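Survey of secondary and tertiary structure
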Amino acid sequence: MNDLLHNLIEALREELKQYGEMLAILDQQQSTVVQRQVNDLLQNVACVNAQAEAITAVRHEREQHQRNVARMLDLDEAASFALIIPQLPADYRPLVQALVQENNELLVRIHHRTRQNHLLLSHAVELMQQLITAIFPGGAPRTYNNAGRMPVHSLPQHSLYESVG
């Protein structure tokens, strides 16, 4: 029993660590956007994607350990921590509860930061579209397509020199 609990605790700690790393990357992304460091932004997006994959892997591992502990406690495999924690030995309950709570709090912060960054990036894209429209007037009107996105308009096929001259 102790081995299964220790495995679950270590998985929760690793998940917490990966969430913390994602929050740091998202903070860096926000700073990069605000400081208009475009080259760094591309690298940051790759880091966000890699971290998302790492989170998925540790989450799956934690879920497996959670299922193992649930089975050990004669609970349904899909039992939530709300059902598992009261069944744990008293010495382990505060630690597991604290780790679960910290993971949930970090997830909320990640969600909040992701929404902030999405708004910042959307605003930057909108400003670039306005710049392109100002440079190349007479383009197609801005409307959303069926997918809820702005269609990508190609630039004129003639060179800037030809259109000016």
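Refer to the preceding data block for the structure.
Residues numbered from 1 in each chain as written. Predicted model: local features only at pLDDT ≥ 70, side-chain atom pairs only at ≥ 80, totals over all residues. Heavy atoms only, no water.

1. Regarding the packing of helix α1 (residues 2-34) against helix α2 (residues 38-72)
Rule in force here: Axis definition: a line fit to C-alpha positions, over the contact stretch in the case of helices; interaxial angles, taken between N-to-C directions, run 0 to 180 degrees. The helix count covers DSSP runs of H or I at least four residues long, the strand count covers runs of E at least two residues long, and both are numbered beginning at the N terminus. Relative orientations are named as follows: roughly parallel for angles under 35 degrees, roughly antiparallel for angles over 145 degrees, roughly perpendicular for angles from 65 to 115 degrees, and oblique for any other angle. Throughout, a crossing is termed right-handed when the near helix is turned clockwise from the far one, and left-handed when it is turned anticlockwise from it by less than a right angle.
Running from amino to carboxyl end, α1 crosses α2 at an angle of 160°, the nearest separation of the two axes being 8 Å. Classified by the angle their axes make, α1 and α2 are roughly antiparallel. Here the hand of the crossing between α1 and α2 comes out left-handed.

2. Some points on the side chain of Asn 44
Rule in force here: Working definition: with a 1.4 Å probe on protein chains only, accessible area under 20% of the residue-type maximum means buried, over 50% means exposed, and in between means partly exposed. We call two residues contacting when some pair of their heavy atoms lies within 4.5 Å.
Looking at where Asn 44 falls in the secondary structure, it is placed in helix α2. Owing to a relative accessible area of 2%, Asn 44 belongs among the buried residues under this scheme. When near neighbours in sequence (up to four residues on either side) are disregarded, Asn 44 contacts Ile 25, Gln 28 and Gln 29.

3. Regarding α1
Rules: Helix span is expected to be 1.5 Å times the residue number reduced by one.
Between its terminal C-alpha atoms α1 stretches 48 Å, which fits the 48 Å expected from 33 residues at 1.5 Å a residue. Of the residues trailing α1, Arg 36 is marked for its positive phi of about 55°.

By themselves, these are just geometric observations and shouldn't be taken as functional.
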